[in-house]
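Structure assessment
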Amino acid sequence: MSYPGSKGQAGTFQRIIGQMPAHSLYVEAFFGSGQVFWRKRPAPASIVIDQVPGLLFKASALPGVIGIPGDAISLLPTLALPAGALVYCDPPYLLETRQGRLYYDYELSTDDHRRLLAMLQGLKCRVMVSHYPCELYGAALQSWRGITYRTRTRGKTVHESLWCNFPEPAELHDWRYAGQSFRERLSLKRLAARWLARLEGMSSRKRGFVLNAIAQRHASALAGSNASSGATVLNAISGAGGP
């Protein structure tokens, strides 16, 4: 599906998903074509928000997904999101950063962007937001971790930024997208293949011992990632209605 501002370009959705920590509840505001949602590993529960109800129908039919039509700036603060939830926002970019071109049925004014940024900073969960590098976002999110990468849009190369209100995660939600470039991801895949081959070459007892040691090494981190129970997640979305 062709959609203005889509994150479906090669190298773009990979960089975004590769910054996502493990989570049991995922919220994608300004859903649009939902390129990040469709390409990441599904969370046990998800909420997708957009002002155009028709964009939510396909995702809302999936188990564990609730679609909410409406204004994300107003809706997000009403959700009882647990601390372990992850919110990703890809709003219509400031008009001044795209030469004033209108692409969407529902655009955001500069004041809307200010309200969005203030609201996101007030959320008590983990938040990621995409935008072109610009003074408004850079000043408002200066205390957040930011990365900038190159991508292609409308036939030209541009720089986009991703801001996160959490440190670089040690445990990723989707390890397929570890690595900052195609070459780095390919190197990691080859590394994993070599280690898997070594494991396959071990006796079952030796392989079991190594795998158990790895599992124990990560048990505490995984326990923290999965601290939010299913009941907590359901409580967060219990008041949300579908489209």
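In what follows, the accompanying structure is described.

The space that makes up the second largest pocket amounts to roughly 310 Å³. What lines the second largest pocket is simply Trp175, Arg176, Ala178, Arg185, Leu188, Lys189, Leu191, Ala192 and Trp195. Of the residues belonging to the lining of the second largest pocket, the class tally is 6 nonpolar, no polar and 3 charged.

Attention shifts here to helix 5 (residues 110–122). If you check helix 5, its first and last C-alpha atoms are 19 Å apart, about what 13 residues at 1.5 Å a residue would give, namely 18 Å. Every buried residue belonging to helix 5 is among Asp112, His113, Leu116, Leu117, Met119 and Leu120, and all of these are buried. The buried side chains of helix 5 occupy one side of the element, clustering within an arc of 165 degrees when seen end-on. Contacts made by the buried residues of helix 5 are with helix 4 (72–75), strand 4 (86–89), strand 5 (126–131) and helix 6 (135–140).

On to the pairing of strand 3 (residues 65–69), then. Taking burial as the measure, the 5 residues of strand 3 include 4 buried ones, the bulk of the element. Bridge count between strand 2 (residues 45–50) and strand 3: 5 bridges; the pairing is parallel. Of the residues in strand 3, the one forming a bridge with aspartate 50 is proline 69.

Residues Leu188, Leu191 and Trp195 make up a contiguous nonpolar surface patch of roughly 280 Å² in combined accessible area. Exposure remark for leucine 191: the relative accessible area of 35% places this residue in the partly exposed category.

Looking now at the environment of aspartate 90. Locating aspartate 90 in the fold gives a position in the loop between strand 4 and helix 5. Residues aspartate 90 and serine 6, 84 residues apart in the sequence, show an inter-C-alpha distance of 9.0 Å. A distance of 2.9 Å separates a polar atom in the side chain of aspartate 90 from a polar atom in the side chain of lysine 7.

This next bit is on the environment of valine 52. Inspection of the secondary structure puts valine 52 in the loop between strand 2 and helix 3 (57–60). Spatially, the C-alpha atom of valine 52 lies 6.5 Å from that of proline 69, the residues being 17 residues apart in sequence. Excluding residues within four positions of it along the chain, valine 52 makes contact with Asp105 and Tyr106.

Turning our attention to the pattern of salt bridges. A complete count under the given rule lists 5 salt bridges for this structure. Across the pair arginine 114 and aspartate 111 runs a salt bridge, and its minimum N-O distance is 2.9 Å. Highlighted residues: arginine 114 and aspartate 111, both in helix 5, separated by 3 residues, approximately one helical turn. Residue arginine 114 is classed as partly exposed on the basis of its relative accessible area, which comes to 45%. A salt bridge links aspartate 112 to arginine 115; the nearest nitrogen and oxygen atoms lie 3.1 Å apart. Of this pair, aspartate 112 and arginine 115 both sit in helix 5, 3 residues apart, which is roughly one turn of that helix. The network of salt bridges with common partners includes Lys7, Asp90 and Glu160.

The next thing to look at is the packing of aromatic side chains. Throughout the structure, instances matching the rule amount to 5 aromatic pairs. Where phenylalanine 13 meets tyrosine 177, the ring centres are 5.9 Å apart and the plane angle is 85 degrees; that geometry is what we call edge-to-face. Highlighted residues: phenylalanine 13 in helix 1 (residues 12–17) and tyrosine 177 in the loop between strand 7 (156–164) and helix 7 (182–200), separated in sequence by 164 residues. Measuring from ring centre to ring centre gives 4.6 Å for tyrosine 93 and tyrosine 132, while their planes differ by 70 degrees; the resulting arrangement is edge-to-face. Note that tyrosine 93 is positioned in the loop between strand 4 and helix 5 and tyrosine 132 in the loop between strand 5 and helix 6, a separation of 39 residues in sequence. Taken together through their ring pairs, the aromatic side chains of Phe31, Phe37 and Trp38 make up a single cluster.

On to the environment of glutamine 19. One can find glutamine 19 in the loop between helix 1 and strand 1 (25–29). Of the residues examined, glutamine 19 reaches a relative accessible area of 6% and is grouped as buried. When the C-alpha positions of glutamine 19 and leucine 172 are compared, they lie 7.2 Å apart, and in sequence the two are 153 residues distant. Apart from the residues lying within four places of it in its own chain, the contact partners of glutamine 19 are Met128, Arg145, Ile147, Leu162, Phe166, Glu168 and Pro169. Looking at glutamine 19, its side chain comes within polar contact range of the side chain of arginine 145, at 2.6 Å.

Moving on, we come to the nonpolar core. Of all hydrophobic cores here, the largest spans 32 residues; its most connected members are Leu76, Val87, Leu120 and Tyr137. When residues of this core are traced back to their parent elements, those giving at least two are strand 1, strand 2, strand 3, helix 4, strand 4, helix 5 and strand 5. With residues up to four places along the chain from it excluded, the contact list for leucine 120 reads Leu76, Cys89, Val127, Val129 and Trp144. By size, the runner-up hydrophobic cluster in this structure holds 22 residues, among which are Phe31, Phe37, Val48 and Leu162.

How each quantity is defined
- Residues numbered from 1 in each chain as written.
- Predicted model: local features only at pLDDT ≥ 70, side-chain atom pairs only at ≥ 80, totals over all residues.
- Heavy atoms only, no water.
- 1 Å grid on protein atoms, 1.4 Å probe; cavity = no way out; pocket = protein on both sides within 12 Å on 5 of 7 lines; lining within 4 Å.
- Points joined across faces, edges and corners; volume = space filled by probe spheres on them.
- Nonpolar A, V, L, I, M, F, W, Y, C, P; charged D, E, K, R; others polar.
- Helix = DSSP H or I, 4+ residues; strand = E, 2+ residues; numbered from the N terminus.
- Expected span 1.5 Å × (residues − 1).
- Buried < 20%, exposed > 50% of the residue type's maximum accessible area, 1.4 Å probe, protein only.
- Arc of directions from axis to C-beta.
- Contact = heavy atoms within 4.5 Å.
- Pairing = 2+ DSSP bridges.
- Patch = residues over 30% accessible without salt bridge, like charges linked within 9 Å, V, L, I, M, F, W, Y side chains within 5 Å.
- Areas by Shrake-Rupley, 256 points an atom, 1.4 Å probe, with all protein chains shown as cover.
- Salt bridge = Lys/Arg side-chain N within 4 Å of Asp/Glu carboxyl O.
- Polar contact = N/O pair within 3.5 Å; in protein donor to acceptor, adjacent residues only side chain to side chain.
- Phe/Tyr/Trp six-rings, centres within 6.5 Å; stacked < 30°, edge-to-face > 60°.
- Core = buried A, V, L, I, M, F, W, Y, C linked by side-chain atoms within 4.5 Å.

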